[in-house]
Amino acid sequence: LLPIQLHWPYSAMFDFDLDELDEQLGTSDPLAVSPLDEAEFQAFGKSLGETIQKQNFALVGPLVAQALWSEQKLSERLPVVIVALLEEVQAAVKRGDQETSVNLTYMLFLLSLSTSVHEVRCQEGSGFNAPCVVMFGFGGSSLEELQPQANYYTARGFKVLSAGALVWPQDLKNKQDATLVEELRLALSGGNGQLLLHVCSNSGLTRAFTFLAAWNAGKGLFAVLPQPTACLVAMVWECCPIREPSKKDMQKAHASPDDEMKATLAAVEQSTMVIRGNFLSVDETNRLYGDAAQLTLQPPTWSYYPDAPYWDFDAFEDWDQNLAKPLPRLFLYTDTDMVIPKESVEAYIRHTEKYNPKAKILRTMVPNAQHCRLWGASMFRQKSVRGLEVLIYQSGISTCRM
């Protein structure tokens with residue numbers, strides 16, 4: 001799914017004073033969140049309505065995070081939160097408040113990218129002195145949908161850390177980061193110190209970019225980890241990416257304004273499809289899908305922290321091509337993908353071979369499978385496993401045999 005470019009310039013329509021925003025949200029401790037108790041959660045809908053009535057969109061994320069903070073209560077609370085947000089969308093539509101309805105639709109889209117929200121699943125492999133794999137799921141996935149890949153890795157002796165492609169609310173993303181960092185620290189120190197990164201679709205890739213950017217910066221929560229270059233030995237790119245031309249690409253190609261507009265419209269069209277696919281409860285006659293998709297290109301300031309480390313494709317590729325030891329990678333994809341067409345994946349493979357010619361590039365194409373459904377039927381799984389076996393061997397990852 002399309003990466004959310006959270007550091008692109010945002011529309012003045014949704015501008016906030018950043019000093020005031022920092023004061024509202026608090027920045028001293030990213031995990032200093034007071035979860036809502038049962039009585040407070042019963043009043044969630046009322047609190048949400050009061051916040052939205054003031055159009056204080058910056059405070060919706062912290063309120064949602066307080067409601068969903070406990071992983072043990074996610075299954076019962078998440079539906080209540082979603083329904084409350086949808087009701088506010090419908091109320092905004094009825095009163096003709098487009099700014100509120102579009103912002104709330106975009107919030108629902110961001111929340112829908114990880115249906116397990118901030119939960120992290122940790123699974124031990126059967127091997128001794130095990131390597132580790134970190135998996136980021138595709139947009140709209142739950143951790144259960146990553147279990148077929150996790151089963152393969154645990155059988156090969158890996159410790160597996162699985163997470164959804166969460167980008168909002170920021171407080172829950174911080175908690176997901178904290179859990180991943182601690183579990184990764186334990187896995188690296190207690191295992192053989194080798195890490196494989198497995199990303200699913202563009203949303204999983206974008207989440208991996210933000211995680212790597214923060215890890216590479218080595219500050220805050222990430223200060224306890226060795227640098228990624230000390231342990232990351234291989235990558236799997238499953239059903240991705242679509243790489244839309246960046247402004248840097250456009251400048252290099254001396255693109256005309258018409259070319260830039262075509263690229264923008266293509267990205268918005270793709271985002272609209274993703275939003276429509278992730279939740280179908282909102283009336284599309286109100287143009288909410290298309291308007292919310294526009295925000296993937298010009299996100300409002302409530303959707304991110306301006307000072308948070310962030311990588312787009314350009315930043316990742318700059319880091320990637322300057323590594324002393326190039327990372328082997330496997331592109332795992334299908335020829336019948338309706339979300340990320342094989343042509344997009346193969347175009348990026350060629351691009352990777354051009355910008356990083358020293359890296360070992362492997363590809364496995366699984367015929368007739370659906371997007372991020374390469375592990376269900378046995379014939380799909382066998383093809384995927386063969387590709388991963390070659391990557392593991394050529395990367396020098398020490399695992400137990402299957």
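This structure is a prediction, so every number in the text was calculated from the model and none was measured. (Residues numbered from 1 in each chain as written. Predicted model: local features only at pLDDT ≥ 70, side-chain atom pairs only at ≥ 80, totals over all residues. Heavy atoms only, no water.)

For strand β4 (residues 195–200), a buried count of six out of six residues is recorded, marking the element as mostly surrounded by other parts of the structure. In β4, alternate side chains face the same way, and those of Leu195, Leu197 and Val199 on one face and Leu196, His198 and Cys200 on the other are all buried. Two elements, β4 and strand β5 (residues 232–238), share six bridges in a ladder whose sense is parallel. Among the inter-strand pairings, leucine 196 is bridged to a residue of β5, identified as alanine 234. The parallel pair β4 and β5, bridged by helix α9 (residues 201–217), forms a crossover whose chirality is right-handed. (Buried < 20%, exposed > 50% of the residue type's maximum accessible area, 1.4 Å probe, protein only. Helix = DSSP H or I, 4+ residues; strand = E, 2+ residues; numbered from the N terminus. Pairing = 2+ DSSP bridges. Right-handed = clockwise from strand over helix to strand, strands pointing away.)

Taken as a whole and judged by the stated rule, the model has zero disulfides. Here cysteine 239 is not cross-linked by a disulfide; its sulfur's nearest cysteine counterpart is in cysteine 372, at 4.2 Å. Given the relative accessible area of 4%, cysteine 372 is considered buried. (Disulfide = S-S within 2.5 Å.)

With that settled, consider unusual backbone geometry. Going from tryptophan 168 to proline 169, the amide bond is cis rather than trans, its omega being 0 degrees. Despite not being glycine, valine 117 has its phi angle at roughly 55 degrees, a positive value. Looking at the secondary structure, you find valine 117 in the loop between α6 (98–112) and β1 (120–123). By relative accessible area, valine 117 is classed as buried at 1%. A positive phi angle, near 65 degrees, is found at asparagine 368, a position not held by glycine. Tracing the sequence through the fold places asparagine 368 in the loop between β7 (361–366) and α15 (378–395). The class for asparagine 368 is exposed, based on a relative accessible area of 56%.

Okay, helix α3 (residues 44–53) next. Of all the residues in α3, the buried ones are Phe44, Leu48, Gly49, Thr51 and Ile52. Projection of α3 onto a plane perpendicular to its axis shows the buried side chains occupying an angular sector of 165 degrees, all on one side. Facing away from the buried surface of α3 by more than 90 degrees, the exposed residues are Lys46 and Gln53. Considering only its buried residues, α3 is in contact with α2 (38–42), α4 (60–68), α5 (74–94) and α6. (Arc of directions from axis to C-beta. Contact = heavy atoms within 4.5 Å.)

If you trace the seven strands from one edge of the open sheet to the other, you get β1-β3-β2-β4-β5-β6-β7, paired in mixed fashion. The outermost strands of the open sheet, each flanked by one partner alone, are β1 and β7. Ignoring strand direction, the axes of neighbouring strands in this sheet form an average angle of 15 degrees. For β5 and strand β6 (residues 329–334), the ladder comprises four bridges, and the chain directions are parallel. Across the sheet, the residue bridging to valine 236 is leucine 330, located in β6. Contacts from helix α8 (residues 170–190) reach β1, β2 (132–136), β3 (159–163) and β4 within the one sheet, and its direction differs from that of β3 by about 170 degrees. Each of β2, β4 and β5 touches α9; the most contacted strand, β4, lies at about 140 degrees to it. (Axes fitted to C-alpha atoms, helices over the stretch in contact; angles between N-to-C directions.)

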